[in-house]
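Descriptive structure summary
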Amino acid sequence: MANNNVGPKRRVVGAHYGLKDWLAQRVTAVVMVLYTAILLIAFLSGQNFTYEGWAALFSQQWFKLISAVTLFGLFYHAWVGMRDVWMDYVKHVGVRLTLQMATVLWLIACAVWSVQILWSV
Amino acid sequence: MSEAVREVPKKERPEFRNIHITELSNYRQPLAAIVSILHRISGVLMCLLLPFVLYLLQESLRSEISFAHYQGFITYPLVKLIILALCWGYFHHFCAGVRHLVMDTHIGLDKDSARQSSAAVLVISLVLTLLVALKLFGVF
């Protein structure tokens, strides 16, 4: 096994062969569960949705921060999930790496944009 | 070794492989498998739709005018249905994820409870979507 995994025969996959990403996916999931619960209760119990109320919520620094933390957690979560999907279905190494890099760039772009949105209110 | 033992024919051992995608329709998927593949599909779709959701968030926060624009936009029933489809994807992924978290703690791993929890995932995600639908269409 060990001898097959060196040089040109080295298996190229995106995983770190460890617990880190598995755990990160779970932790970010729990963060998103909490954030979703807050937003869902606010939506279902709210009346008369106005711009003032919506913008006032997002103009507070603590809400910006927990939104940003949740969104960054989401992007990391999405990275682990998409990487798993590519690893399961795409056998060709070059194609898989390309797709993984595209995913990374896609998520970084989303992360930068979400910061801009949150701090422009 | 005696002749009798030597002549016992080798048993054909069954060989199990992953099923090919073209064979999928020949299999009756258990509920847990349906929940699992929907978890994947909803996850990939939501990842692809991230820019759309961020765009909606941006327009809802940008100004009173863009907010009013989108408030008008979502009065169309078709738009509400699209939002509901996204919500259903989110809720399904959400419920199936909570099921994963519970199973990670070694609860409900046997066949019967796994089937029951996957049925619960399908039901609860539909109920949550229904709640949002009632709210969106102004029932409460």
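The paragraphs below set out a description of the structure included in this document.

1. Here we look at the overall build of chain B
Summing up its helical and strand segments, chain B has 6 helices and 0 strands in all. Reading chain B from its N terminus to its C terminus gives the helix and strand order α-α-α-α-α-α. Computed over C-alpha atoms, the radius of gyration of chain B comes to 24 Å, more than 25% over the 14 Å expected from 2.2 N^0.38 for 140 residues, which places it beyond the range of a compact globule. Here the C-alpha coordinates of chain B stretch approximately 95 × 30 × 25 Å along the principal axes. For chain B, the proportion of its 140 residues judged to be buried stands at 27%. In chain B, the share of contacts with a sequence separation of at least 24, taken over all contacts with a separation of at least 6, comes to 74%. Of the roughly 10,100 Å² of accessible surface on chain B, a fraction of 67% belongs to carbon and sulfur atoms.

2. Here's the deal with the interface of chain A and chain B
Facing 35 residues of chain A, the contacting portion of chain B comprises 30 residues. Contact with chain B buries surface across chain A, with Leu44(A), Tyr51(A) and Trp113(A) losing the most and accounting together for 22% of the total. Inspection of the chain A/chain B interface yields 2 salt bridges. When contributions to the side of chain A that touches chain B are tallied by element, the ones reaching two or more residues are α1 (20-45), α2 (51-59), α3 (61-89) and α4 (93-118) of chain A. Per-element tally for the side of chain A that touches chain B: the top contributor is α1(A), with 10 residues. Among the residues making up the side of chain A that touches chain B, the classes are represented as 25 nonpolar, 6 polar and 4 charged.

3. What about the side chain of His77(A)?
Within the secondary structure, His77(A) is located in helix α3. When residues no more than four places from it in sequence are discounted, the contact partners of His77(A) are Gln25(A), Thr28(A), Ala29(A), Met32(A) and His93(B).

4. Observations regarding the pattern of salt bridges
When the charged atoms of two side chains with opposite charge come close together, those side chains can pair. All names here are of chain A. Applying the stated rule across the entire model yields 5 salt bridges over all chains. Between aspartate 21 and arginine 83 there is a salt bridge, with the nearest N and O atoms lying 2.7 Å from each other. Highlighted residues: aspartate 21 in helix α1 and arginine 83 in helix α3, separated in sequence by 62 residues. Pair check on accessibility: aspartate 21 and arginine 83 agree, each one buried. The salt bridge partner of aspartate 84 is arginine 83, with a shortest N-O separation of 3.0 Å. Since its relative accessible area comes to 23%, aspartate 84 is described here as partly exposed. When salt bridges with common partners are traced through the structure, they connect Asp21, Arg83 and Asp84 into a single cluster.

5. Re the nonpolar core
Phe58(A), Phe75(A) and Leu107(A) are the most contacted members of the largest nonpolar core, which has 22 residues in total. Residue assignment for this core shows that the elements contributing at least two residues are α3 and α4 of chain A together with α3 (50-62) of chain B. The element that contributes the greatest number of residues to this core is α3(A), accounting for 9 residues. Setting aside chain neighbours within four positions, we find Phe58(A) in contact with Tyr35(A), Phe63(A), Lys64(A), Ser67(A), Leu118(A), Val121(A), Leu57(B) and Leu61(B).

6. Brief notes about the environment of Leu50(B)
Among the secondary structure elements, Leu50(B) is positioned in helix α3. Spatially, the C-alpha atom of Leu50(B) lies 25 Å from that of Leu134(B), the residues being 84 residues apart in sequence. What Leu50(B) contacts, discounting residues up to four positions off in sequence, is Leu74(A), Phe75(A), Leu107(A) and Cys110(A).

7. Section: α4(A)
Look at α4(A): 37 Å from first C-alpha to last across 26 residues, which is about the 38 Å you get at 1.5 Å a residue. The elements touched by buried residues of α4(A) are α2 and α3 of chain A together with α2 (31-48) and α3 of chain B.

8. Quick look at the packing of α4(A) against α3(B)
At their nearest, the axes of α4(A) and α3(B) sit 10 Å apart, and the two run at 10° to each other. Between α4(A) and α3(B), the angle is such that the two are roughly parallel. Of the residues in α3(B), those in contact with Trp106(A), Leu107(A), Cys110(A), Trp113(A), Ser114(A) and Ile117(A) of α4(A) are Leu50(B), Pro51(B), Leu54(B), Tyr55(B), Leu57(B), Gln58(B) and Leu61(B).

So, how was this worked out
Residues numbered from 1 in each chain as written. Chains lettered and ligands numbered in written order. Predicted model: local features only at pLDDT ≥ 70, side-chain atom pairs only at ≥ 80, totals over all residues. Heavy atoms only, no water. Helix = DSSP H or I, 4+ residues; strand = E, 2+ residues; numbered from the N terminus. Rg over C-alpha atoms; globule rule 2.2 N^0.38 Å. Buried < 20%, exposed > 50% of the residue type's maximum accessible area, 1.4 Å probe, protein only. Contact = heavy atoms within 4.5 Å. Areas by Shrake-Rupley, 256 points an atom, 1.4 Å probe, with all protein chains shown as cover. Buried area = accessible area lost by both parts, 1.4 Å probe. Salt bridge = Lys/Arg side-chain N within 4 Å of Asp/Glu carboxyl O. Nonpolar A, V, L, I, M, F, W, Y, C, P; charged D, E, K, R; others polar. Core = buried A, V, L, I, M, F, W, Y, C linked by side-chain atoms within 4.5 Å. Expected span 1.5 Å × (residues − 1). Axes fitted to C-alpha atoms, helices over the stretch in contact; angles between N-to-C directions. Parallel < 35°, antiparallel > 145°, perpendicular 65-115°, else oblique.

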